[in-house]
Amino acid sequence: MAVRTTEDRRPALSAADPELAALVDAEERLQADTLRLIPSENYVSAAVLEASGTVLQNKYSEGYPGRRYYEGQQVIDQVETLAAERARALFRMDHANVQPYSGSPANLAVYLAFLEPGDTVLGMSLPMGGHLTHGWGVSATGTWFRGVRYGVRRDTGRVDLDEVRDLARAERPKVIFCGGTAVPRVVDFAGFAEIAREVGAVLVADVAHIAGLIAGGAHPSPAPYADVVSTTTHKTLRGPRGAMLLSRAEHAKAIDRAVFPGLQGGPHNQTTAAIAVALKEAAAPEFGAYAHQVVANARALGEELAARGFDLVSGGTDNHLLLIDLTGKDVPGKVAAKALDRAGIVVNHNSVPYDPRKPFDPSGIRIGTPALTSRGVPASQMGAVAQWIDRVVDAARTGDETRISEVRAEVKAMMDACPAPGLPLV
Ligand SMILES: *Cc1c(COP(=O)(O)O)cnc(C)c1O
């Protein structure tokens, strides 16, 4: 295969700013050569990349299609309408707002739509798998609002809906968040909806991590149960960095007003365009196959790791991610994550439920299969991946850098055999 030079692929950038162009090259090479197991990361298609680097970014378009504060929206209105209609159809919700800049501002817009400062929100605790924006203390959502938190059971590693119901009855939250950022199991949207209805709360399903699995039919949909669905577009959904708020018709006005003018100014139109492309891709049958393969790979990897004595929170996974408690391996999460990074296996250290260690230096790591599945790595290779993780974690414990470099070479060979979408060879 002819290797295209940077000058061919990014002629203007390499001429104008070689220093920055070299950094983009270096990141491309890193993404090509490493086994990326961070569950919130992925590889977007070349089409999504192209859409996000267009002149649409030159436009200001505060407002919504047909109701803008700027003229010259003949094309932008069509782009945003296309994205919103594809989102509504794919997720089967009445209304879609595709303007939130990212998942955190999308969630902040939910607070603005339904709560007054000081009001109570019920969400999953951060160290138990929830997201910062579900009312955690260091986040604006936990300082301007009263965050009440549920967790998972110590014995099962899963959410206990009886605990959620008791908390909801006692604390009367106005908003309940379900979903999270380190949740390896199916979210019981119906169970949460029943609780929300009983206490008169708005149920927000934050599906940032699992949106692609839902779109592909590999995870149940929140559509019949949630009042609002919040999601990023860049995780399993495999779109550009951005977010969407989907809702029932009755909440459409409140959500729209909260996003603009409540929280944001002009939408990032190049991102809206790339979201539209990603939504079209996600509606295609091949994406359903992708989503199911992500789950099959995670399950296979979990089984292979468990067979090597790794302690999986909740005993396994229903989705794309695994949370691993390394206490029994006698290696802290951060030490393991850094050793894995030296071996070309990219993960993040993560708290595990009831972690006795601090969040900055926790007991676990979190891994996921969305990115490797986008490269076409099959379930039959999960044994090899688990064996690498096992070897590196053991080498981290004994300080054996030679074994880590051996794994690095094997990882590189597998990555060379499975080219990533959207990454032209450097
Ligand atoms: C990633 C994530 C977010 C935040 O998304 P950002 O784009 O990083 O702001 C919100 N909620 C959940 C559950 C997430 O996993």
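All of these numbers come straight from a predicted model, not from anything done at the bench.

Helices and strands together make up the secondary structure of the protein chain, namely 17 helices and 15 strands. Since a compact globule built from 426 residues should have a radius of gyration of about 22 Å, the 22 Å found for the protein chain is in line with a globular shape. Principal-axis analysis of the C-alpha atoms gives the protein chain an extent of 60 × 55 × 35 Å. Burial status across the protein chain gives 56% buried among its 426 residues. In the protein chain, the proportion of contacts linking residues at least 24 apart, taken out of those at least 6 apart, comes to 71%. For the protein chain, the computed accessible surface area is about 17900 Å², with 53% contributed by carbon and sulfur atoms.

Turning to unusual backbone geometry, a few remarks are in order. The residue after Phe 260, namely Pro 261, is reached through a cis peptide bond having omega 10 degrees. The phi torsion at Asp 330 lies on the positive side, around 65 degrees, for a residue other than glycine. Structurally, Asp 330 is set in the loop between β12 (321–325) and α14 (333–342). For Tyr 354, which is not a glycine, the phi torsion comes out positive at approximately 65 degrees.

Time to look at the layout of surface pockets. Space inside the largest pocket adds up to approximately 960 Å³. Lining the largest pocket are 29 residues, with Gln 31, Val 44, Leu 49, Ser 52 and Gly 422 positioned closest to its centre. Looking at the lining of the largest pocket, the elements with two or more residues in it are α3 (18–33) and α4 (46–52). A breakdown of the residues in the lining of the largest pocket according to their chemical character gives 11 nonpolar, 9 polar and 9 charged. Space inside the second largest pocket adds up to approximately 380 Å³. Leu 126, Gly 130, Thr 181, Asn 350 and Ser 351 are, among the 17 residues lining the second largest pocket, the residues nearest its centre. Element by element, the count of residues in the lining of the second largest pocket is highest for strand β14 (residues 348–350), at 3 residues.

The next point concerns the packing of aromatic side chains. One pass over the structure, following the stated rule, counts 6 aromatic pairs. Seen from their ring centres, Tyr 60 and Tyr 70 are 5.4 Å apart, and the 25 degrees between their planes marks the pair as stacked. Of this pair, Tyr 60 sits in the loop between α4 and β2 (63–64) while Tyr 70 is found in the loop between β3 (67–68) and α5 (76–91), placing the two residues 10 residues apart along the sequence. Residue classification places Tyr 60 among the partly exposed residues on the basis of a relative accessible area of 49%. Between the NZ or CZ atom of Lys 329 and the centre of the ring of Phe 310, over which it lies, the distance is 4.4 Å. Positioned above the aromatic ring of Phe 360 is the side chain of Lys 334, whose terminal nitrogen or guanidinium carbon lies 3.3 Å from the ring centre.

Turning next to the pattern of salt bridges. One pass over the full model with this rule turns up 23 salt bridges. In this structure, the salt-bridge partner of Lys 412 is Asp 33, at a minimum N-O distance of 3.9 Å. Taken as a pair, Lys 412 in helix α17 (residues 401–417) and Asp 33 in helix α3 lie far apart in primary sequence, 379 residues in all. Take Lys 412: its relative accessible area is 30%, and that puts it in the partly exposed class. Residue Asp 33 is classed as buried on the basis of its relative accessible area of 12%. Each of Arg 9, Arg 10, Asp 25 and Glu 28 takes part in one network of salt bridges that share partners.

Of all hydrophobic cores here, the largest spans 53 residues; its most connected members are Phe 91, Ile 176, Phe 192 and Met 244. The element best represented in this core is helix α9 (residues 189–199), accounting for 6 residues. When residues no more than four places from it in sequence are discounted, the contact partners of Phe 91 are Ala 211, Ile 214, Ala 215, Ser 221, Ala 223, Leu 237, Met 244, Leu 246 and Leu 279. Counting 37 residues, the second largest nonpolar core, distinct from the first, contains Leu 37, Ile 324, Ala 396 and Ile 404.

What follows deals with the sheet that holds β14. Across the sheet, which stays open at both edges, the 4 strands sit in the order β11-β12-β15-β14 with antiparallel pairing between neighbours. Since the sheet does not close on itself, it has two edges, and those belong to β11 (311–312) and β14, each with one partner. Pairing of β12 with strand β15 (residues 364–368) involves 5 bridges; the strand directions are antiparallel. Paired with Leu 323 across the strands is Arg 366, a residue of β15. Across the sheet, α14 is in contact with β14 and β15; its angle to β15 comes to roughly 45 degrees.

The residue Val 228 is located in strand β9 (residues 228–232) in this model. Relative accessible area serves as the criterion here: at 0%, Val 228 is assigned to the buried category. Taking C-alpha positions, Val 228 is 5.7 Å from Leu 246, a pair spaced 18 residues apart along the chain. In contact with Val 228, other than residues within four places in its own chain, are Val 110, Phe 114, Val 202, Leu 203, Val 204, Ala 205, Leu 245, Leu 246, Ser 247 and Ile 255.

Time to look at the site of the ligand. Close contacts around the ligand come from 13 residues, with Ser 102, Ser 104, Asp 206, His 209 and Lys 235 the closest. One of the side-chain N or O atoms of Asp 206 is found 2.6 Å from a nitrogen atom in the ligand. About the coverage of the ligand: the protein hides 88% of its 380 Å² of free accessible area. The dominant element in the shell around the ligand, judged by the number of residues it contributes, is helix α6 (residues 103–114), at 3 residues. Looking at side-chain class alone, the shell around the ligand contains 1 nonpolar, 10 polar and 2 charged residues.

The rules behind each value
- Each chain carries its own residue numbering, running from 1 in the direction its sequence is written.
- Reporting in this predicted model follows two pLDDT cut-offs: at least 70 for local features of residues, and 80 or more for side-chain atom pairs to be given and counted; totals over whole chains, interfaces and linings ignore these cut-offs and use all residues.
- Water and hydrogen atoms play no part in the side-chain values, which are based on all heavy atoms of the structure.
- We count a stretch as a helix when DSSP gives it H or I for four or more residues in a row; a strand needs E for two or more, and each element gets its number in order from the N terminus.
- Based on C-alpha atoms, the radius of gyration is set beside the globule rule, defined as 2.2 Å times the residue count to the power 0.38.
- Relative accessibility decides the category of a residue: with a 1.4 Å probe and only protein chains considered, values under 20% of the type maximum give buried, values over 50% give exposed, and everything between is partly exposed.
- In this description, contact between two residues means that some pair of their heavy atoms is separated by no more than 4.5 Å.
- Here, Shrake-Rupley sampling with a 1.4 Å probe gives the accessible areas, and only protein chains in the shown set may cover a residue.
- Each cavity reported here is a set of points on a 1 Å grid over the protein atoms alone in which a 1.4 Å probe fits but cannot get out, each pocket an open set with protein on both sides within 12 Å along at least five of seven lines, and each lining residue one with an atom within 4 Å of a point.
- Grid points are joined across faces, edges and corners, and a volume is the space filled by probe spheres set on the points.
- Under the convention adopted here, Pro, Cys and the residues Ala, Val, Leu, Ile, Met, Phe, Trp and Tyr are nonpolar, Asp, Glu, Lys and Arg are charged, and Gly plus all remaining residues are polar.
- Any pair of Phe, Tyr and Trp rings, taking the six-membered ring for Trp, is counted once the centres come within 6.5 Å. Such a pair is stacked with planes under 30 degrees apart, edge-to-face with planes over 60 apart, and tilted for the rest.
- In this scheme, Lys NZ or Arg CZ marks a charge over a ring once it lies within 6 Å of the ring centre and within 35 degrees of the ring normal.
- We count a salt bridge whenever a side-chain nitrogen from Lys or Arg sits within 4 Å of a carboxyl oxygen from Asp or Glu.
- In plain words, nonpolar cores are sets of buried Ala, Val, Leu, Ile, Met, Phe, Trp, Tyr and Cys residues tied together by side-chain atoms within 4.5 Å.
- Pairing between strands requires that DSSP locate at least two bridges from one strand to the other.
- Lines fitted to C-alpha atoms define the axes, with helix axes restricted to the stretch in contact, and inter-axis angles between N-to-C directions lie between 0 and 180 degrees.
- Proximity is defined per residue: any heavy atom of the residue falling within 4 Å of a molecule or strand makes that residue near it.
- Within 3.5 Å is the distance limit for a polar contact, defined as a pair of N or O atoms, with the added protein rule that one can donate a hydrogen and the other accept it, and that residues adjacent in sequence qualify only through two side-chain atoms.

In short, shape yes, function no, at least from these values alone.
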